[in-house]
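The primary structure of each chain is shown beneath.
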Amino acid sequence: MSQPSGPGDPVLHLRRVRKSFRSSGSGGSARRVVAAEDVDLVLRRGEAVALVGESGSGKSTLARIVLRLERPDAGELLVDGVDMLRREPRGASLEYRRRVQMVFQDPFGSLNPVHDVAHHLVRPLLRHRRATRADAPKQALELLRTVGLEPAEEFIHRRPYELSGGQRQRVAIARALAVEPDVLVADEPTSMLDVSIRLDILGLFDRLKRERQLALLLITHDLASARYLADRVLVLFQGRIVEDGATHDVIERPAHPYTRALLAAIADQEASPHPLVAPKLSPAVLSEGCPFRSRCADAMEICAHSDPAPRAHEGRRLRCHLYPAAAPAGVA
Ligand code: SF4
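Thresholds, definitions, all that
Residues numbered from 1 in each chain as written. Predicted model: local features only at pLDDT ≥ 70, side-chain atom pairs only at ≥ 80, totals over all residues. Heavy atoms only, no water. Core = buried A, V, L, I, M, F, W, Y, C linked by side-chain atoms within 4.5 Å. Buried < 20%, exposed > 50% of the residue type's maximum accessible area, 1.4 Å probe, protein only. Contact = heavy atoms within 4.5 Å. Pairing = 2+ DSSP bridges. Helix = DSSP H or I, 4+ residues; strand = E, 2+ residues; numbered from the N terminus. Axes fitted to C-alpha atoms, helices over the stretch in contact; angles between N-to-C directions.

K.L.:
Can you lay out the nonpolar core for me, pointing to particular residues and giving the numbers?
P.N.:
Residues Leu-144, Ile-173, Phe-205 and Val-233 are the most contacted members of the largest nonpolar core, which totals 55 residues. In this structure Val-233 touches Ala-50, Val-52, Ala-226, Glu-243, Asp-244, Gly-245, Thr-247 and Val-250, once residues within four positions along its chain are discounted. By size, the runner-up hydrophobic cluster in this structure holds 31 residues, among which are Val-11, Leu-77, Ala-215 and Ile-219.

K.L.:
Account for the sheet that holds strand S2 (residues 30-44), with residues named and values stated.
P.N.:
In spatial order, the strands read S2-S1-S4-S5; together these four strands make up an open sheet with antiparallel pairing. Only two strands of the sheet have a single neighbouring strand rather than two, namely S2 and strand S5 (82-83). Here strand S4 (residues 74-79) pairs with S5 via two bridges, running antiparallel. Along S5, the bridge assignment pairs Val-79 with Val-82. The sheet strands contacting helix H1 (residues 59-66) are strand S1 (10-24), S2 and S4, and the helix crosses S1 at an angle near 125 degrees.

K.L.:
An account of H1 is needed here, citing residue identities and associated values.
P.N.:
In an α-helix, one turn spans 3.6 residues, which is why side chains three or four residues apart end up on the same side. Among the eight residues in H1, six count as buried, and that is most of the element. When H1 is considered as a whole, its buried residues turn out to be Lys-59, Thr-61, Leu-62, Ala-63, Ile-65 and Val-66. Two residues or fewer after H1 comes Arg-68, characterised by a positive phi angle close to 65 degrees.

The values are spatial; any link to function lies outside them.
Now the structure itself:
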């Protein structure tokens, strides 16, 4: 796998990806639940993309497809223009796993309590040949400094239970950085942390994105995190990206009825301690037409029998019949 050339260049592209699962309904009947429907997702060097949606919207499935823990039913996963699903049909190579790293939601569960911080950092350095045995301890200390755990010598031999939640998450980030990835997938990386340190961790992601030109995919139901960190927001509803645009535009001037409903519901939660968390607006039911139509105040006759395809509109991509479909849906 060759390396991408420079800032802003696409690193990874999910193209027209589809994925569905069989689900048992009441009375033993089976139905298919769509987790991804015609999804186009581009990750670029130095850019953070937030995938926002309620639970069950399909965002975790997309993350698993990017990580190659799940294989889509159809579509392509392009890295440097090469479809990795064809090149590596039996699963991801070690090199793919190096280039696409993950930071998990639970920093305690993702670290082995038996081993100290040094073990967690030296192991990937050696496995992916990013350091020699002699150099690895020095590089591990440098990684701790990179993620703000200083003095590094005080942290390197601690075990996970001797660290706070925020410190553990910094170690998990350092472990992901050890192999010099191009893409970092962060799945709700602050949701299990104290509110007081969430901003610090988001600030760390932001700095790493800029300094290392990482392509960052933030999976979240927390629009406050998306607003803080992401350059672009993709709103997911029942496996479809219904709105894709610059973060400021999408949050300040939402165009899709679902995004508007989401933000209106959030405004109603202002008394809550976490006012920007996406509520669950509708059950995941598959049927003909636009899946949001039963909740949509703007629904038209066409919405009952036609699921809108993605279309370009004023710098965003939208899946809604309110916007003309004439222009081809390019990648934003
Ligand atoms: Fe509403 Fe129709 Fe747009 Fe669906 S396609 S969001 S039902 S206007």
